[in-house]
Amino acid sequence: MSTASPSTLPSGDPQAAAPVASIWRWSVDQYHEMIRVGILTEDDPVELLEGSLVTKMPKNRHHTLVTQLTREALAQTIPSGWYVDAQEPVTTANSEPEPDVIVVRGDRRQYPDRHPGPQDVALVVEVADSSPARDRSTKKRVYAAAEIPVYWLVNLAKRQIEVYTDPAGPAVEPDYSQRQDYVAADALPVMLEGREIDRIDVR
């Protein structure tokens, strides 16, 4: 078991509210075992982020609608050899986040016994209404550490999409080195393996 010092818990991160002495780090294998034996079920609103079980944010109708529209827009754009999913797990070294939308290599039937990993994922999307701090801190670190190439943060409050690229990978402070914001009037490029395949209207 390892513990985190206060400096590793960024301001605005829901994990920061927990006393350091109370934090127990879970491995991905332990998390999967808790699911397998029924300690955690589909009714438990948690996901594994950086070794901690974190409560998933509740979703209002606006969040659900934007998630559905984003998934539909990407599904119309993504070529064969890829598929679009929503709110399904991605297994990384120490986390198993459930992005609102995800673009995955191959076909669903290729993953009967495991969730997609970072090597299978081209794009993750988080829709943020009440949780932008978590999506800009913990979630962004998780995706950058896993070297997921592109991360979209759909910021409902600001009516824009923040696009993060060039992940650092495993590092002391994993992050994306590039950020570009797109507003309602913009056309947002959809990138697969470093190549622009189409654009979708942010609106």
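Residues numbered from 1 in each chain as written. Predicted model: local features only at pLDDT ≥ 70, side-chain atom pairs only at ≥ 80, totals over all residues. Heavy atoms only, no water.

Some words on unusual backbone geometry
Let me state the cut-off plainly: Counting from the N terminus, the helices are DSSP H or I runs at least four residues long and the strands are E runs at least two residues long. Burial classes follow relative accessibility: with a 1.4 Å probe on protein chains only, a residue under 20% of its type's maximum area counts as buried, one over 50% as exposed, and anything between as partly exposed.
Its identity as a non-glycine residue notwithstanding, Q87 has a phi of 55°, on the positive side. When you line up the elements, Q87 lands in the loop between β3 (82–85) and β4 (101–105). At R159, a residue that is not glycine, the phi angle is positive and equals roughly 55°. Within the fold, R159 resides in the loop between β6 (150–155) and β7 (160–167). Exposure remark for R159: the relative accessible area of 62% places this residue in the exposed category.

Overview of the sheet that holds β3
This is how the line gets drawn: The criterion for strand pairing is that DSSP finds at least two bridges linking the strands in question. Every axis in this analysis is a line fitted to C-alpha atoms, fitted for helices over the stretch in contact. Angles between the N-to-C directions lie between 0 and 180 degrees.
Pairing within the open sheet is mixed, and its six strands lie in the order β3-β4-β5-β6-β7-β8. Looking at which strands have only one partner, the edges of the open sheet turn out to be β3 and β8 (176–183). Adjacent strand axes in the sheet meet at a mean angle of 15° when their direction is disregarded. Relative to β8, β7 runs antiparallel, the two being bridged by seven bridges. Bridging across to β8, Q160 finds its partner in V183.

A short note on the confidence of the model for the chain
If pLDDT is low for a region, its predicted coordinates should not be looked at in detail. Spelled out, the test is: pLDDT expresses how confident the predictor is about each individual residue, on a scale running from 0 to 100. Whether two residues are in contact is decided by their heavy atoms, any of which lying within 4.5 Å being enough.
Mean pLDDT over the chain: 89, with 88% of residues reaching 70 or higher. Low pLDDT, under 50, characterises residues 1–12; the stretch is placed with 19 contacts to residues that sit more than four places away or in other chains.

Looking at the side chain of K139
Summarising the element assignment, K139 is placed in helix α4 (residues 138–145). Not counting chain neighbours up to four residues away, the residues in contact with K139 comprise E47, L49, P97, E126, R134 and Y151.

Quick notes on the pattern of salt bridges
Put simply, the rule reads: One side-chain nitrogen of Lys or Arg within 4 Å of one carboxyl oxygen of Asp or Glu is enough to make a salt bridge.
As enumerated under the stated definition, the model contains 15 salt bridges in all. With its nearest N and O atoms 2.7 Å apart, the salt bridge here joins E50 to R141. Here E50 is found in the loop between β1 (46–49) and β2 (52–55), whereas its partner R141 is found in helix α4, with 91 residues between them in sequence. Owing to a relative accessible area of 23%, E50 belongs among the partly exposed residues under this scheme. Of the residues examined, R141 reaches a relative accessible area of 12% and is grouped as buried. With its nearest N and O atoms 2.9 Å apart, the salt bridge here joins E193 to R105. Of this pair, E193 sits in the loop between β9 (187–192) and β10 (195–201) while R105 sits in strand β4; the two residues are 88 residues apart in sequence, bridging distant segments of the chain.

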